[in-house]
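Overview (structure and organization)
Spelled out, the chains give:
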Amino acid sequence: MRSLYSQLPSHYVYTACQDAAERAHSFLRLKRMGRARKPYPEVRNVSIWLDDHLWRAEGLTSISLATHKDRVRVSFELNKHFLRYVNRGWRLTSEARVKLDYKERRLILYLTFKKEVSEYRPKAYITVDVNENAEAVLVDGVVYLLETDLSRVTLGYYYRRKRVQEKYDRAYGPGSRPARRVLRRLGSNEKALKREIRWKLAALIVREAARRQAAIVLERLGKEPAKGMIERIKDPQLRHRVYQATFKGIQKAMEEKAREYGVPIIYVDPRNTSRVCPIHRAGIVYGKDRHGVCSRGGETWHRDVVACYNLLLRALGSDGGDAPSRVRAFVTVDGGPVPLGPTAAHEPTDVPRALWARWRSLGARATIN
Ligand SMILES: [Zn+2]
């Protein structure tokens, strides 16, 4: 290969061999599994990978490539995502790869960023309990109930689509073109709205955590949408959609934001987090509208406040039942008095979506109210 292409820098040969070996390897594996249809592997799309010997970054807006005619400089347009990383102190690494897309006549850059970080020692915890239509966030002894309406949005669009479909099917017959167009528009509206809600919420919480140098505590979700709250939705597909939109989707958005800011996330077991009183470890008897009474202390609790504090206790690894460690935990977490006196109002602060969507941080609430 080297003597065939002596005019090229040697690493073109090197990466081509690497690529060929990888393809052959996966072909052999498919053949062993009986899933290869042809006796030999065939190459349909040619793409060339450039390793770090063949390209290097020239500042932030261009790269230079080694070719048979010396180095060629290629500048690229910066997108928002790229700038966001660069502005936060992330730097390009040499692990990035460049692909020459022969068919489309373009260069695709796969960039990898790295950042030197000092060890993030969480000084506090922000616990997040995700519900169907709201997210309860415990920050510094205050539980905010940030409304998301994600499940209502999903259900609303589901029924709207159904109505539209029935109407168009009656008028034009099933699967008509105008029906498909309307349904597609509804679908993309729904997606955009949900995405905006999720990202704004994730950004708000993660920024707050970064500002306080706090870790975020989340429930560990299972694979199946078996979350008790949405079990009443009978249609399994719809149940899955609500689950993805509210629980999985919010967690994913939060994970990605947290990675960007370097904020750690701690996952805890979500079992029974709203059933037991965080102070007395006794059962809570729930009545209507998400309020319940502690069976030992007799104090009133809002379900989401209970869940938030129990998640916090689990994160601290101290819900084994001995009171001293719990009290100590709260004192160190809040840096102040124990917030859970039996007479305290265990009520969350309700925040409608229209309000929190305009907040820059949870700490800025005083100036807005
Ligand atoms: Zn109690």
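Residues numbered from 1 in each chain as written. Predicted model: local features only at pLDDT ≥ 70, side-chain atom pairs only at ≥ 80, totals over all residues.

Orientation of helix α3 (residues 150-172) relative to helix α4 (residues 177-212), taken along the N-to-C sense of each, is 175°, at an axis distance of 9 Å. Between α3 and α4, the angle is such that the two are roughly antiparallel. In contact with Leu150, Val153, Tyr157, Arg160, Arg161, Val164, Gln165, Tyr168, Asp169 and Tyr172 of α3, α4 contributes Pro178, Ala179, Val182, Leu183, Leu186, Glu190, Leu193, Lys194 and Ile197. Among the residues making up the contact of α3 with α4, the classes are represented as 13 nonpolar, one polar and five charged. (Axes fitted to C-alpha atoms, helices over the stretch in contact; angles between N-to-C directions. Helix = DSSP H or I, 4+ residues; strand = E, 2+ residues; numbered from the N terminus. Parallel < 35°, antiparallel > 145°, perpendicular 65-115°, else oblique. Contact = placed C-beta atoms within 7 Å. Nonpolar A, V, L, I, M, F, W, Y, C, P; charged D, E, K, R; others polar.)

The next subject is the sheet that holds strand β7 (residues 106-110). Strand order in the open sheet formed by three strands is β1-β6-β7, and the pairing between neighbours is antiparallel. Each end of this open sheet is capped by a strand with a single partner; those strands are β1 (47-50) and β7. Here the strands of the sheet are splayed against their neighbours by 20° on average, with no regard to which way each runs. Sheet topology note: the strand β6 (residues 97-101)/β7 ladder contains five bridges and is antiparallel. Its bridge partner being in β7, Lys99 is matched across the sheet by Ile108. (Pairing = 2+ DSSP bridges.)

A few words now on unusual backbone geometry. Outside of glycine, negative phi angles account for most residues, and trans bonds account for most peptide bonds. One non-glycine residue, Asp70, lies in the positive phi region at around 60°. The residue Asp70 is located in strand β4 (residues 70-75) in this model. Classification of Asp70 by C-beta neighbours within 10 Å gives exposed; the count is 9. (Buried ≥ 20, exposed ≤ 12 C-beta atoms within 10 Å, placed from the backbone.)

A few words on the packing of α3 against helix α5 (residues 236-261). As a packed pair, α3 and α5 sit with axes 9 Å apart at the nearest point and diverge in direction by 140°. Considering the angle they form, α3 stands oblique to α5. Taken as a pair, α3 and α5 cross one another with a handedness that is right-handed. Here Leu150, Ser151, Thr154 and Tyr158 of α3 lie close against α5, whose contacting residues are Leu238, Arg241, Val242, Ala245 and Thr246. Partitioning the contact of α3 with α5 into residue classes produces five nonpolar, three polar and one charged. (Left-handed = near helix turned anticlockwise from the far one by under 90°.)

Bringing the nonpolar core into the picture now. Membership of the largest hydrophobic core comes to 53 residues, with the highest contact counts inside it found for Ile126, Val137, Ile205, Ile216 and Val217. At the level of secondary structure, the elements contributing two or more residues to this core comprise β9 (124-130), β10 (134-139), β11 (142-147), α4, β12 (214-219), α5 and α6 (303-315). In contact with Val137, other than residues within four places in its own chain, are Ile126, Val128, Val143, Tyr144, Leu146 and Ile205. (Core = buried A, V, L, I, M, F, W, Y, C linked by C-beta atoms within 7 Å.)

By the bridge criterion, four bridges tie β1 to β6 in an arrangement that is antiparallel. Within β6, the position partnered with Leu50 by the bridge is Val98. Between β6 and β7, which follow one another and run antiparallel, lie four residues, and Arg105 among them has a positive phi close to 55°.

Moving on, we get to α4. Here α4 contains 36 residues, and its C-alpha end-to-end distance of 53 Å stays within 8% of the 52 Å for a straight helix at 1.5 Å per residue. Residues of α4 that are buried: Ala179, Lys194, Ile197, Arg198, Leu201, Ala202, Leu204, Ile205, Val206, Glu208 and Ala209. Positioned one or two residues after α4, Gln213 has a phi angle of 50°, which is positive. (Expected span 1.5 Å × (residues − 1).)

Moving on: the sheet that holds β4. Strand order in the open sheet formed by three strands is β2-β3-β4, with antiparallel pairing between adjacent strands. Because the sheet does not close on itself, it has two edges, and the strands there are β2 (55-58) and β4. For this sheet, the mean inter-axis angle between neighbouring strands, taken without regard to orientation, is 30°. Note: β2 against strand β3 (residues 62-67), four bridges, orientation antiparallel. Counterpart to Arg56 in the pairing with β3 is Ser64.

Considering the arrangement of structural elements, one finds Cys308 in helix α6. Cys308 sits in the buried class, given 28 other C-beta atoms within 10 Å. As for Cys308 and Asp129, which are separated by 179 residues in sequence, their C-alpha atoms are 5.9 Å apart. Ignoring anything within four residues of it in the chain, the contact list for Cys308 reads Thr127, Asp129, Ala136, Leu138 and Val143.

These figures capture arrangement, not role.
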